[in-house]
Amino acid sequence: IHPASAPNSVDHVTNGLALCQNHHTVFDNHKIWIEPSTKTIKFHPDIIQEAVNSNMTQLFIDGTYPILANPEEIEFAPLEEMFEKRNDFFDGRYDWV
């Protein structure tokens, strides 16, 4: 979530997400926002607009859970703090939220 190479980052399971390749790419391109406290997922307006003309993009959106699911072992869940650090690190990339 917060890049492991960033200053003061940690390389730990609580600083990570299990995503398929498609969601990983969109997340890395800052086209998905995950609200730190509720883990609610929001798509960039470009993705929403693309879905108007693309069935595949609409299926991608429809196939995405509205809230990030926690792992069975809650101690391995991504920390709210890591999302906040990511948002600070990529300042300006989420101005669309």
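All values derive from a computational prediction rather than experimental measurement.

Regarding the overall build of the protein
Along the protein, the regular secondary structure elements total four helices and two strands. If you list the helices and strands of the protein from N to C, you get α-β-β-α-α-α. Computed over its C-alpha atoms, the radius of gyration of the protein comes to 14 Å, within 12% of the 13 Å expected for a compact globule of 97 residues. Principal-axis analysis of the C-alpha atoms gives the protein an extent of 40 × 30 × 20 Å. The 97 residues of the protein split such that 37% are buried. By element, 52% of the accessible surface of the protein is carried by carbon and sulfur atoms, the whole surface being about 6,500 Å².

What to know about the pattern of salt bridges
Taken as a whole and assessed by the stated rule, the structure comprises two salt bridges. Note that Asp46 and Lys31 form a salt bridge whose closest N and O atoms lie 3.2 Å from each other. With a gap of 15 residues between them, Asp46 in helix α2 (residues 45-53) and Lys31 in the loop between α1 (21-28) and β1 (32-34) connect regions that are remote in the sequence. Residue classification places Lys31 among the partly exposed residues on the basis of a relative accessible area of 24%. Close ionic contact of Lys85 with Glu81 constitutes a salt bridge, the shortest N to O distance being 3.3 Å. In this pair, Lys85 and Glu81 are both assigned in helix α4 (residues 80-89), four residues apart and thus about one turn of the helix distant. Residue classification places Lys85 among the partly exposed residues on the basis of a relative accessible area of 27%.

Re unusual backbone geometry
For Asn8, which is not glycine, the phi torsion reads 65 degrees and is therefore positive. With phi around 65 degrees, Lys39 is a residue other than glycine that occupies positive phi space. Assignment of secondary structure puts Lys39 in the loop between β1 and β2 (41-43). With a relative accessible area of 13%, Lys39 lands in the buried category.

So, how was this worked out
Residues numbered from 1 in each chain as written. Predicted model: local features only at pLDDT ≥ 70, side-chain atom pairs only at ≥ 80, totals over all residues. Heavy atoms only, no water. Helix = DSSP H or I, 4+ residues; strand = E, 2+ residues; numbered from the N terminus. Rg over C-alpha atoms; globule rule 2.2 N^0.38 Å. Buried < 20%, exposed > 50% of the residue type's maximum accessible area, 1.4 Å probe, protein only. Areas by Shrake-Rupley, 256 points an atom, 1.4 Å probe, with all protein chains shown as cover. Salt bridge = Lys/Arg side-chain N within 4 Å of Asp/Glu carboxyl O.

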